[in-house]
Amino acid sequence: MSAPFTIYQPAGEQPSTPKNLPHKGGAANPSAAAIAAQFPGAVLRSHVMWGETTVFVEQSKLHDVVQWLHDDAAQCYEYLSDVTAVEYRDAAQPMEVVWHLRSIKHRRFLRLKVQLAKTEPLEVPSVWDIYKGADWLERETFDMFGIKFAGHPDLRRILLWESFQEGHPLRKDFPLRGRLSRAQQLTNALSANPEARYSMEELSIADAFEELPLDMRARLTGDSRTGE
Amino acid sequence: MGLIPSSSAPSPVKEIANFGPISEEGWVTTRLDFLVNWGRANSLWPMPFGTACCAIEFMATAASKFDLARFGMERMGFSPRQADVLICAGRVPFKLAPVLRRIWQQMPQPKWAISMGACASTGGMFDTYAVVQGIDTIIPIDVYVPGCPPRPEALIYGIMMLQKKIMHEQMSSKTLRNEMQPDPRSQLYIPPDRIDELSEPFGNSVHQTRSAP
């Protein structure tokens, strides 16, 4: 018989369950107040809904805030679970770019939002230099919403094909069938050569080996096969 | 049957296997068309192109209960160069359209195609910017199997229809050997205005752009 399974519980905290959570209000994530104390003027407002804290951040301060949340020992948000965007049907409302951060160490979840006026160029700083996992998430947000992430190393379409000419499909002004006629869409799609984009060098892990991070190189060449 | 070595029977020529007819009953005469079509129809090698839930039903069709092997489709090939019939099961997005076209062009003649399910045949419920409205705009289709997804019986019925179609083919027909070429300018088999006409909005989907300004 093995030892009974026990859930790790930080002292003084009760686990939050989805059951008795209020729709609005309740205990806020302590990181929200910590951001406001660390970066005066960066937090526009914050609220709690279904137990999840949302912090609206000034656009110019976003990268610093995320960097601090990642590095600071008391915050320690190791994991970026999603980057996405929201556009509301009300045309006057600004667009929102959303970052979902998770601290595995402190068992916290934090949602950061930046509001973007549609009259200005849709551009926010990339967090790729902090979380490498932001790469594809930001590419998807760019593909679907047309929001540019300044500092992203390779910002191009990821879900749609490279030669897609009709815009960004999750925008509210995008017609569901697209802008071109069916025959034109088909002709454009068939003229794409899916093999032309990637060279064999790109696909070969042997050639990409030199560009891998040091720890990954060590793991691939060593005996360890456990993965991360 | 007469085509047996007659060494077991008493033979005037000793110790030499004689494959000649013993009697007139040993001869079978037939049309070459019938013989070749019979062979082709009953040994089709399918190339499954499964992209969605229809592929699950296709797997059920190939599995033991419905047993596609009864129809000579024992060998499921995932290489287009060793396949006779392309079974496209599921919706095809525009991103996959050049891939499907390439796979079709890699298959050797004679070849046939089955469009399985509503999405492959017409685009189905996916009347969107990303999905091909019927793969007959990309490749020529022999049999359409309706359903969402079709049950295995429906797919087997479609395959039997294809076999019936093959049995009526003529060796002298040039369509069996000549590859159908798309229009070089538009890369389409069907005229562009016909495609636009066929994919006009219908039903509830005319209201789809109500949120657009």
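All figures in this text were calculated on a predicted structure; none of them were measured in a lab.

Here's the deal with the sheet that holds strand β1 (residues 46-50) of chain B
Residue and element names in this part refer to chain B.
So, point 1. A sheet is described by the order of its strands in space; here four strands give the open sequence β1-β2-β3-β4, paired in parallel fashion. Because the sheet does not close on itself, it has two edges, and the strands there are β1 and β4 (143-145). Put simply, the sheet's adjacent strands are angled 15° from each other on average, direction ignored.
So, point 2. Two elements, β1 and strand β2 (residues 85-89), share five bridges in a ladder whose sense is parallel.

Examining the confidence of the model for chain A
So, point 1. Per-residue pLDDT for chain A has a mean of 83; in total, 80% of the residues score no lower than 70.
So, point 2. Ignoring residues within four places in sequence, the model shows residues 224-228 of chain A, a span with pLDDT below 50, making one contact including any to other chains.

Things to note about the pairing of strand β1 (residues 43-49) of chain A
So, point 1. As judged from the six bridges shared by β1(A) and strand β2 (residues 52-57) of chain A, these two strands associate in the antiparallel manner. The residue bridging Val43(A) from the neighbouring strand is Val57(A), located in β2(A).

A few points about the packing of helix α1 (residues 32-41) of chain B against helix α5 (residues 152-167) of chain B
Residues and elements named next belong to chain B.
So, point 1. Two elements in contact, α1 and α5, have axes whose closest approach is 8 Å; the angle formed by their N-to-C orientations is 160°. On the basis of the axis angle, α1 is roughly antiparallel to α5. For the element pair α1 and α5, the recorded crossing hand is right-handed. Residues Asn37, Arg40 and Ala41 of α1 form the contact with α5, whose own contacting residues are Gln163, Ile166 and Met167.
So, point 2. Classifying every residue of the contact of α1 with α5 gives three nonpolar, two polar and one charged.

So, the interface of chain B and chain A
So, point 1. Each partner contributes to the interface: chain B provides 24 residues, whereas chain A provides 23 residues.
So, point 2. Only α3 (97-106) and α6 (192-198) of chain B provide two or more residues apiece to the side of chain B that touches chain A.
So, point 3. No other element matches α3(B), which puts four residues into the side of chain B that touches chain A.
So, point 4. Of the residues assigned to the side of chain B that touches chain A, the class counts are eleven nonpolar, nine polar and four charged.

As for the nonpolar core
So, point 1. In terms of nonpolar packing, the biggest core is built from 46 residues, with Val85(B), Leu86(B), Ile87(B), Cys88(B), Ala97(B), Leu100(B) and Met116(B) touching the most fellow members.
So, point 2. Among the elements that take part in this core, β2(B) stands out by supplying five residues, more than any other.
So, point 3. With near-sequence residues (within four places) excluded, Ala97(B) lies in contact with Leu186(A), Ala189(A), Leu190(A), Val92(B), Val132(B) and Ile138(B).
So, point 4. Core analysis: the next-biggest nonpolar cluster, separate from the first, contains 31 residues, Val43(A), Ala134(A), Met144(A) and Phe149(A) among them.

A few points about the confidence of the model for chain B
So, point 1. In this model, chain B carries a mean pLDDT of 82, and residues with pLDDT of at least 70 account for 80%.
So, point 2. Of the regions scoring below 50 in pLDDT, residues 203-213 of chain B engages in eleven contacts with residues more than four places distant in sequence or in other chains.

Describing the sheet that holds strand β5 (residues 108-116) of chain A
Residues and elements named next belong to chain A.
So, point 1. Taken in spatial order, the five strands make up an open sheet running β1-β2-β5-β4-β3, and their pairing is mixed. Two strands close off the open sheet at either side, each with one partner strand: β1 and β3 (79-86). The sheet shows a mean angle of 20° between the axes of neighbouring strands, direction not considered.

What counts, and where the lines are drawn
- Residues numbered from 1 in each chain as written.
- Chains lettered and ligands numbered in written order.
- Predicted model: local features only at pLDDT ≥ 70, side-chain atom pairs only at ≥ 80, totals over all residues.
- Pairing = 2+ DSSP bridges.
- Helix = DSSP H or I, 4+ residues; strand = E, 2+ residues; numbered from the N terminus.
- Axes fitted to C-alpha atoms, helices over the stretch in contact; angles between N-to-C directions.
- pLDDT = per-residue confidence, 0-100.
- Contact = placed C-beta atoms within 7 Å.
- Parallel < 35°, antiparallel > 145°, perpendicular 65-115°, else oblique.
- Left-handed = near helix turned anticlockwise from the far one by under 90°.
- Nonpolar A, V, L, I, M, F, W, Y, C, P; charged D, E, K, R; others polar.
- Core = buried A, V, L, I, M, F, W, Y, C linked by C-beta atoms within 7 Å.
- Buried ≥ 20, exposed ≤ 12 C-beta atoms within 10 Å, placed from the backbone.

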